[in-house]
Amino acid sequence: MVQTVSGPENDDDEEANGGESLAPRVRDTPQDIRLEAIANTVALHPSRDLLVCGDVDGDVYAFSYSCTEGENRELWSSGHHLKSCRQVRFAEDGLKLYTVSRDKSVHLMDVEQGKLVTRIRGAHSAPINSLLLVDENILATGDDGGTMKVWDMRKGTAIMDLKHHDDYISDIAVDQAKRILLTASGDGTMGVFNIKRRRFELLSEPQSGDLTSVVLMKYGKKVVCGSSEGTMYIFNWNGFGATSDRFAVKAESLDCMVPVTNNIVCTASMDGYIRAINILPNRVIGCIGQHVGEPIEEIAKSWDSRFLVSSGHDQLIKFWDISALPKTTVNEYRKRKKKDGRMKSLTKKAHGDNDFFSGLMDESEKKDEEEEEEEDSESDSGSD
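Definitions and limits used
Each chain carries its own residue numbering, running from 1 in the written order of its sequence. This being a predicted model, a pLDDT of at least 70 is required before a residue's local features are given, and a value of 80 or more before pairs of side-chain atoms are given or counted; all residues contribute to the totals for chains, interfaces and linings. No hydrogens and no water enter the side-chain calculation; it runs on all heavy atoms of the structure. Elements are defined by DSSP. Helices are runs of H or I of four residues or more, strands are runs of E of two residues or more, and each kind is numbered from the N terminus. Type-normalised accessible area, obtained with a 1.4 Å probe on protein chains alone, sets the label of each residue: buried when under 20%, exposed when over 50%, and partly exposed for intermediate values. Whether two residues are in contact is decided by their heavy atoms: any pair within 4.5 Å suffices. Calculation of accessible area relied on Shrake-Rupley with a 1.4 Å probe; when residues are assessed, cover is drawn exclusively from the protein chains displayed. UniProt positions are given in the numbering used here, feature names are shortened, and annotations may be inferred rather than shown by experiment. Paired strands are those between which DSSP finds at least two bridges. Any carboxyl oxygen of Asp or Glu that lies within 4 Å of a side-chain nitrogen of Lys or Arg is treated as forming a salt bridge with it. Interaxial angle, 0 to 180 degrees, is taken between N-to-C directions of lines fitted to C-alpha atoms, where a helix line uses only the stretch in contact. Each polar contact in these results corresponds to two N or O atoms within 3.5 Å; when the atoms are within protein, one needs to be able to donate a hydrogen and the other to accept it, and residues that are neighboring in sequence are counted only if both atoms are side-chain atoms.

**What to know about the overall build of the protein**
When helices and strands are counted, the protein shows 2 helices and 29 strands. A total of 384 residues make up the protein; the buried ones form 52% of that total. Partitioning the contacts of the protein with sequence separation of at least 6, the portion at a separation of at least 24 is 47%. In the form shown here, the protein has an accessible surface area of approximately 17,600 Å², with 45% of it arising from carbon and sulfur atoms.

Set out below in structure tokens:
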């Protein structure tokens, strides 16, 4: 049974009222959802408070979520995949759901009831690792062997079937014009494919470590790849052969990235931290949250950009309030590190889930910021 995790503060409310429970509390974020197995993947509905996750057993779950305590609901579960479900993605209309699996199949499901509509068995000869919806009819898939396929779901057939990578395809992105597909691979290269002409264009020069994620930033003028070594590789659009910039983040890895604005991207890591990072100037803005000591598999943004959702090896789906993040500005100069070495907290729960401690933390954050500003003004006045 999948359950919602409640915080310790609820028990105090009941004790204060002689055991009677109060009206449901409205929280800043929905409660954590505890799963029966680790979720590899999580996706959020494009227009409703609904999420879907796929786990290592091949099961897919749908939940509605709410900030009202106790209101998260499991809507349905599906066990159609024979092996681990690797990625889930909603169609743009929110009515259909696509899933891919280690069992080498692509499934199309009905979102309302969780029923299987179409199945492509043996879609790849190797386990499928990544999935991208290009439009309502076209989707791209990448497998563990480095093969990328593009499917026309009206026919259920592949219109592109290309192998140019020597290792798994970790992630796929597409430009706004739906013309160029970009792939990140475990062989350390980024692949460039032209969907309109149905052909391979080029591979970037190899980077050190696996490329684990790829996103477009700066109004599509920059492509950013995350890596297994915690370095961000930045390419100019149409300068795909070699990086224009790189940023070594003090992270164990950068396994998943979600753009929040054209400048700010959230990253998930093996070290359990979710970081907000500004691109050009390259800065770690701070910590959104963490799955303490547990790797994070995937992060996703809600339809209204209010929440970031994460799935970790602690078998939890967690929610983080990122509504203030787009207003964040980054100065050109570097601020000094905090004395204890911790990242700046960007959400109340960034370094802990207890509301009482988060209040104290807000105060210490303000104090630290004031100290930083004083230090910065001193260092500025002392410079030539």
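Having seen it, we continue.
**Looking at the UniProt feature "repeat: WD" (unreviewed entry) in the protein**
Following the UniProt record, one finds the feature "repeat: WD" (unreviewed entry) at residues 121-161 and 162-196. For the annotated span residues 162-196, helix accounts for 0% and strand for 54% of the residues, and the straight-line distance between the end C-alpha atoms is 14 Å.

**Thoughts on the pairing of strand β29 (residues 316-321)**
Judged by how many residues are buried, β29 sits mostly within the fold: 5 of 6 residues are covered. Bridge count for strand β2 (residues 32-34) against β29 is 2 bridges, and the pairing is antiparallel. Paired with I33 across the two strands is I317, which belongs to β29. With 5 bridges connecting them, strand β28 (residues 307-312) and β29 associate as antiparallel partners. Looking at β29, one finds that F307 is bridged to D321. With antiparallel pairing between neighbouring strands as the criterion, β28 and β29 make up a hairpin whose turn holds 3 residues, including Q315 at a positive phi of roughly 65°.

**Some thoughts on the pattern of salt bridges**
Evaluated as defined, the whole model comprises 13 salt bridges. Between D152 and R154 there is a salt bridge, with the nearest N and O atoms lying 3.0 Å from each other.

**Some remarks on the sheet that holds strand β19 (residues 211-217)**
Across the sheet, which stays open at both edges, the 4 strands sit in the order β19-β20-β21-β22 with antiparallel pairing between neighbours. Only two strands of the sheet have a single partner each, and these edge strands are β19 and β22 (245-248). Strand-to-strand twist in this sheet, taken as the mean axis angle between neighbours without regard to direction, amounts to 20°. Where strand β20 (residues 222-227) and strand β21 (residues 231-236) come together, 4 bridges link them in antiparallel fashion.

**Concerning the environment of S170**
Residue placement: S170 occurs in strand β15 (residues 169-174). With relative accessibility at 13%, the residue S170 sits in the buried group. Linking S170 and I128, residues 42 residues apart in sequence, is a C-alpha distance of 9.7 Å. In contact with S170, not counting residues within four places along its chain, are N129, S130, A184, S185, L211, T212 and S213. One polar contact links the side chain of S170 to the main-chain carbonyl oxygen of T212, over a distance of 3.3 Å.

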